[in-house]
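Structural description and commentary
In case you want the letters, here they are:
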Amino acid sequence: MIEVINLNKNYGDLKVLQDISFTVEKGEKIAIIGPSGSGKSTLLRCLNFMEEASSGSIVFEGINLTEQHTKLDLHRQRMGMVFQQFNLFNNKTVLENIMMAPLHVRLSKLRKTKRRNLFLKAGNIFRKDKKDLIELVTTVSKIKDEVQAQSIKLLKRIGLEDKKDVYPSTLSGGQKQRIAIIRALAMNPKVILFDEPTSSLDPEMVGEVLDLIKSLADEGMTMLIVTHEMGFAKEVASRVLFMDDGRIAEDSSPELLFSNPRNSRTREFLSKVKAM
């Protein structure tokens, strides 16, 4: 599904990622662990093209994205991302946050299909045919209703339907992160990237977010998770990548990596984590 080949990322003389190569099969749950500054978050950002790799290839479903450099919006629809800091829009309600991306995508597709009959400029619609305009308005309304219904369904899933009309500033950290996750789900992605999704949460809020991620894993969602939650990685992941100094030092099953790590740096890291 995803093949990363000799991926490098440099900031001037600083080598953040060094010759990263690995594959992700459909349905895999890959936990990425390692010390701070080892390149974990940068790797996810390169996969989502929020950062441009210095060299190497990222192949997603047979397409070498580093050669294409096109349709990044489409790529990000298929590979969703959940951030440490939620990244919700505070000037929009919870429901508006969830609806924003799928509504934009569907209305953009509508504009393309209507291009033969419509001329759109600066938000105004100039028409020849009143019938076509009525049809457009009806279709837009239908799309909004469908996106809203799907968004409310996702809110029901996490038990936060009653928060649909409030603003993110009124929510707890755990509620914000669960909403950020279903916002990514609203795009029906094939893969979700989680960048330390619990690192900004108080300890009592971590469980509710991890439970949601576990439920997605149980449903077969392909995911890559940068995490410091070793127990969660051991329980949920089908594979664990240990990163150190911008490289993948170990790639193994959670059973082997946590019980009998082959790499000395992995052993050192895990011994410090257990001691904390």
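Residues numbered from 1 in each chain as written. Predicted model: local features only at pLDDT ≥ 70, side-chain atom pairs only at ≥ 80, totals over all residues. Heavy atoms only, no water.

Structural notes on the sheet that holds strand 12 (residues 247-252)
- Pairing is mixed in the open sheet, where six strands are placed in the order 6-9-10-3-11-12. Edge positions in the sheet fall to strand 6 (79-82) and strand 12, since each has one partner strand and no second. On average, each strand axis in the sheet is tilted by 20 degrees relative to the strand beside it, whichever way the strands run.
- Judged from the five bridges that link them, strand 9 (residues 191-195) and strand 10 (residues 222-226) form a sheet pairing that is parallel. (Pairing = 2+ DSSP bridges. Helix = DSSP H or I, 4+ residues; strand = E, 2+ residues; numbered from the N terminus. Axes fitted to C-alpha atoms, helices over the stretch in contact; angles between N-to-C directions.)

Regarding unusual backbone geometry
- With a phi angle near 50 degrees, aspartate 19 is a residue other than glycine that sits in the positive phi range.
- Its place among the elements puts aspartate 19 in strand 2 (residues 14-24).
- Using a relative accessible area of 45% as the deciding quantity, one classes aspartate 19 as partly exposed.
- Unusually for a residue other than glycine, glutamate 61 sits at a positive phi of about 50 degrees.
- Relative to the helices and strands, glutamate 61 is located in the loop between strand 4 (55-60) and strand 5 (63-64).
- In this structure glutamate 61 comes out as partly exposed when scored by relative accessible area, which is 35%. (Buried < 20%, exposed > 50% of the residue type's maximum accessible area, 1.4 Å probe, protein only.)

Comments concerning the packing of aromatic side chains
- Tallied over the entire structure, the rule returns one aromatic pair.
- Pairing phenylalanine 242 with phenylalanine 269 gives two aromatic rings, centres 5.3 Å apart and planes at 45 degrees, and the pair type is tilted. Separated by 27 residues along the polypeptide, phenylalanine 242 in strand 11 (residues 239-244) and phenylalanine 269 in helix 10 (residues 264-275) bring together distant segments of the chain. Of the two residues examined, phenylalanine 242 and phenylalanine 269, each falls in the buried class. (Phe/Tyr/Trp six-rings, centres within 6.5 Å; stacked < 30°, edge-to-face > 60°.)

A closer look at the nonpolar core
- With 41 residues, the main nonpolar core has Leu155, Ile179, Ile181, Phe194, Ile213, Leu216 and Met223 as its most contacted residues.
- With eight residues, helix 7 (residues 203-218) is the single largest residue contributor to this core.
- For phenylalanine 194, the residues in contact, after removing those within four places along its chain, are Leu44, Val82, Ile181, Ile213, Leu216, Met223, Leu224, Ile225 and Val226.
- With 26 residues, the next largest nonpolar core counts Ile30, Ile32, Leu43 and Phe49 among its residues. (Core = buried A, V, L, I, M, F, W, Y, C linked by side-chain atoms within 4.5 Å. Contact = heavy atoms within 4.5 Å.)

So, the environment of arginine 45
- As for its position among the elements, arginine 45 is in helix 1 (residues 40-47).
- According to the relative accessible area criterion, arginine 45 is partly exposed, its value standing at 26%.
- Along the primary structure arginine 45 and methionine 81 are separated by 36 residues, whereas in three dimensions their C-alpha atoms are 8.8 Å apart.
- Residue contacts for arginine 45: discarding those within four places in its chain leaves Met50, Glu51, Met81 and Phe83.

Observations concerning the packing of helix 6 (residues 173-185) against helix 7
- Contact geometry of helix 6 with helix 7 gives a least axis separation of 8 Å together with a crossing angle of 20 degrees. Between helix 6 and helix 7, the crossing angle belongs to the class labelled roughly parallel. The element helix 6 and its partner helix 7 pack so that their crossing is right-handed. Contact residues: helix 6 offers Gly173, Gly174, Gln175, Gln177, Arg178, Ile181 and Leu185, while helix 7 offers Met205, Glu208, Val209, Leu212, Ile213 and Leu216.
- Grouping the amino acids of the contact of helix 6 with helix 7 by side-chain chemistry returns seven nonpolar, four polar and two charged. (Parallel < 35°, antiparallel > 145°, perpendicular 65-115°, else oblique. Left-handed = near helix turned anticlockwise from the far one by under 90°. Nonpolar A, V, L, I, M, F, W, Y, C, P; charged D, E, K, R; others polar.)

Read these as layout, nothing more, since geometry by itself doesn't imply function.
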